[in-house]
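Spelled out, the chains give:
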There are 2 protein chains.
Amino acid sequence: MANELQGRRVAFLVAHEGVEQVELTQPWEAVKNAGATVELVSNRSGEIQGFNHLDKGDTFPVDKVVSDVSSSDYDALVLPGGVANPDVLRTVPEAVQFVHGFFEQQKPVGAICHAPWTLVEADVLRGRTVTSYPSLQTDIKNAGATWVDEEIVTDKGLVTSRNPNDLPAFCDKIVEEFEEGKHPEQARSA
Amino acid sequence: MANELQGRRVAFLVAHEGVEQVELTQPWEAVKNAGATVELVSNRSGEIQGFNHLDKGDTFPVDKVVSDVSSSDYDALVLPGGVANPDVLRTVPEAVQFVHGFFEQQKPVGAICHAPWTLVEADVLRGRTVTSYPSLQTDIKNAGATWVDEEIVTDKGLVTSRNPNDLPAFCDKIVEEFEEGKHPEQARSA
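Bear in mind that the values here come from a model prediction, so they are computed numbers and not experimental data. (Residues numbered from 1 in each chain as written. Chains lettered and ligands numbered in written order. Predicted model: local features only at pLDDT ≥ 70, side-chain atom pairs only at ≥ 80, totals over all residues. Heavy atoms only, no water.)

Turning our eyes to something else, we now look at unusual backbone geometry. Of note in this structure, A:Gln106 is not a glycine but carries a positive phi near 65°. Of note, A:Gln106 is situated in the loop between α3 (93–104) and β8 (109–112). Exposure remark for A:Gln106: the relative accessible area of 27% places this residue in the partly exposed category. Non-glycine residue B:Lys156 carries a positive phi angle of around 50°. Within the secondary structure, B:Lys156 is located in the loop between β11 (153–155) and β12 (158–161). Residue B:Lys156 is classed as partly exposed on the basis of its relative accessible area, which comes to 46%. (Helix = DSSP H or I, 4+ residues; strand = E, 2+ residues; numbered from the N terminus. Buried < 20%, exposed > 50% of the residue type's maximum accessible area, 1.4 Å probe, protein only.)

This is the structure:
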């Protein structure tokens, strides 16, 4: 694969439990294979517990605690899903601020499945067009966004998908958007 | 215990998986001990899978599938929590309509923890004051409600609590509200 993300630093923000494992591992491999430096950022140190739907999967080592890092440290952000994962992250002010910072700094963000709940919490969806796992579409609309039922939605630096079946398209598109770099439109909803 | 709910029929609406088990069993016992007839209503027939946080707990037999019943069949409704439980229910139109019907018919409703997401989906929170698990407070505010951080909130027939620690107060209050019967204010937000 090409090294189109060579020199870029990409954060994966995941709670200590509840992430849909494949939504972490597949984008992680895609971004890493494109040459980026990837870091797992979480609300706690140690290991995070992955899930396959509601069954426990594997654990993964945390590289950085979110309170110790800043969006300034990275070029792009990936938010995997899993119903319990954003449910934790949105209650952690440092995590919400971390996410908000990527939008302020016009940096590209990919969010899949239930992850857009964290974008609701960061209040960065006003006027944006996104998709998500369908259960949270009302929360997304109530947060000021237009919700659409599509495999992949790219809104000027913000990439969203619905579920693990959409991962091939999601992985391709985040690499493309991350390569493009800053998108000034990201800051408009921040 | 007194038989203050003698002759009343109370529905517990729970998804086929993901309910926080203790938020089903304790209110169930409280309402049953007060003399009510209780029924477990779900989106599927068979058994529902209870959870203790993110670990699987016991299973419970479903009495009625939600598409086969109506809010007219019951005097009151209990919505237990668990992060994955309302996440399923809100995607089932018959479940959302079932919940909405209790409000239209001025019937009392108790919802704890993550359950108010189903109330967001039924669009019955405008102008109401509620509590919930804190993670969904933004979704609740965006749905038009006032969110407060209290053990028990009673808003004219709508009883809400935050988490399993609030269960003693929640169980006492739902029995009290269910005994009072219809609350005309419930229909105002329906």
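Taken as a whole, this structure holds seven aromatic pairs over all chains when the rule is applied. Measuring from ring centre to ring centre gives 4.2 Å for A:Trp117 and B:Trp117, while their planes differ by 5°; the resulting arrangement is stacked. Pair noted here: A:Trp117 is in helix α4 (residues 116–122) and B:Trp117 is in helix α4 (residues 116–122), and the two residues belong to different chains. With 6.0 Å between their ring centres and 90° between their planes, B:Tyr74 and B:Phe98 make a pair best called edge-to-face. Remark: B:Phe98 occurs in helix α3 (residues 93–104) and B:Tyr74 occurs in the loop between β6 (64–65) and β7 (76–79); sequence separation between them is 24 residues. Assigned by exposure class, B:Tyr74 and B:Phe98 land together as buried. Joined through ring pairs, the aromatic side chains of A:Tyr74, A:Phe98 and A:Phe102 make up one cluster. (Phe/Tyr/Trp six-rings, centres within 6.5 Å; stacked < 30°, edge-to-face > 60°.)

Before going further, it helps to spend a moment on the nonpolar core. The biggest cluster of nonpolar side chains holds 76 residues, and the ones touching the most others in it are A:Leu13, A:Phe98, B:Leu13 and B:Phe98. Apart from residues lying up to four places away in sequence, A:Phe98 is in contact with A:Ala11, A:Leu13, A:Val41, A:Val66, A:Val69, A:Ser70, A:Ser71, A:Tyr74 and A:Leu77. (Core = buried A, V, L, I, M, F, W, Y, C linked by side-chain atoms within 4.5 Å. Contact = heavy atoms within 4.5 Å.)

Residue and element names in this part refer to chain B. In spatial order, the strands read β2-β4-β5; together these three strands make up an open sheet with mixed pairing. Of all strands in the sheet, those bounded by a partner on one side alone are β2 (17–20) and β5 (55–61). Taking the axes of each pair of neighbouring strands and ignoring which way they run, one obtains an average angle of 40° across the sheet. Note that strand β4 (residues 47–52) and β5 share five bridges and pair antiparallel. Looking at the pairing, Asn52 lines up with Asp55 of β5. Across the sheet, helix α1 (residues 21–33) touches β2, β4 and β5, and the angle it forms with β2 is around 55°. (Pairing = 2+ DSSP bridges. Axes fitted to C-alpha atoms, helices over the stretch in contact; angles between N-to-C directions.)

Attention shifts here to the pattern of salt bridges. Under the defined criterion, the tally for this structure stands at 20 salt bridges over all chains. One network of salt bridges, in which partners are shared, links A:Arg9, A:Glu39 and A:Lys64. (Salt bridge = Lys/Arg side-chain N within 4 Å of Asp/Glu carboxyl O.)

Buried accessible area, meaning the area lost when the parts come together, often serves as the stated size of an interface. On the side of chain B, 22 residues touch chain A, which itself brings 22 residues to the contact. Carbon and sulfur atoms make up 50% of the area that chain A and chain B hide from each other, which totals about 1800 Å². Interface area lost by chain A to chain B is led by A:Leu54, A:Asp87 and A:Asn142, which between them contribute 27%. Where chain A packs against chain B, one counts four salt bridges. Close ionic contact of A:Lys56 with B:Asp55 constitutes a salt bridge, the shortest N to O distance being 2.8 Å. Our enumeration of links across chain A and chain B arrives at 14 residue pairs in polar contact (both at pLDDT 80 or more). For the side of chain A that touches chain B, the elements supplying multiple residues, two or more each, are β5 (55–61), α2 (84–89), α4 and α5 (137–142) of chain A. Taken together, the residues of the side of chain A that touches chain B break down into nine nonpolar, six polar and seven charged. (Buried area = accessible area lost by both parts, 1.4 Å probe. Polar contact = N/O pair within 3.5 Å; in protein donor to acceptor, adjacent residues only side chain to side chain. Nonpolar A, V, L, I, M, F, W, Y, C, P; charged D, E, K, R; others polar.)

Before going further, it helps to examine the relation of the copies chain A and chain B. If you rotate chain A by 180° and push it 0.0 Å along the axis, it lands on chain B with an RMSD of 0.0 Å. The operation mapping one copy onto its partner corresponds to a two-fold rotation axis. A shared interface surface links the copies, since 100% of the contact residues of chain A are contact residues in chain B too. (Least-squares fit on C-alpha atoms with pLDDT ≥ 70 in both.)

With that settled, consider the side chain of B:Gln186. All names here are of chain B. Here Gln186 shows up in the segment after α6 (167–180). In terms of polar contacts, Gln186 uses its side chain to reach the backbone carbonyl oxygen of Lys107, at 3.0 Å. Setting aside chain neighbours within four positions, we find Gln186 in contact with Phe103, Gln106, Lys107, Pro108, Val109, Arg128, Asp155, Lys156, Gly157 and Leu158.

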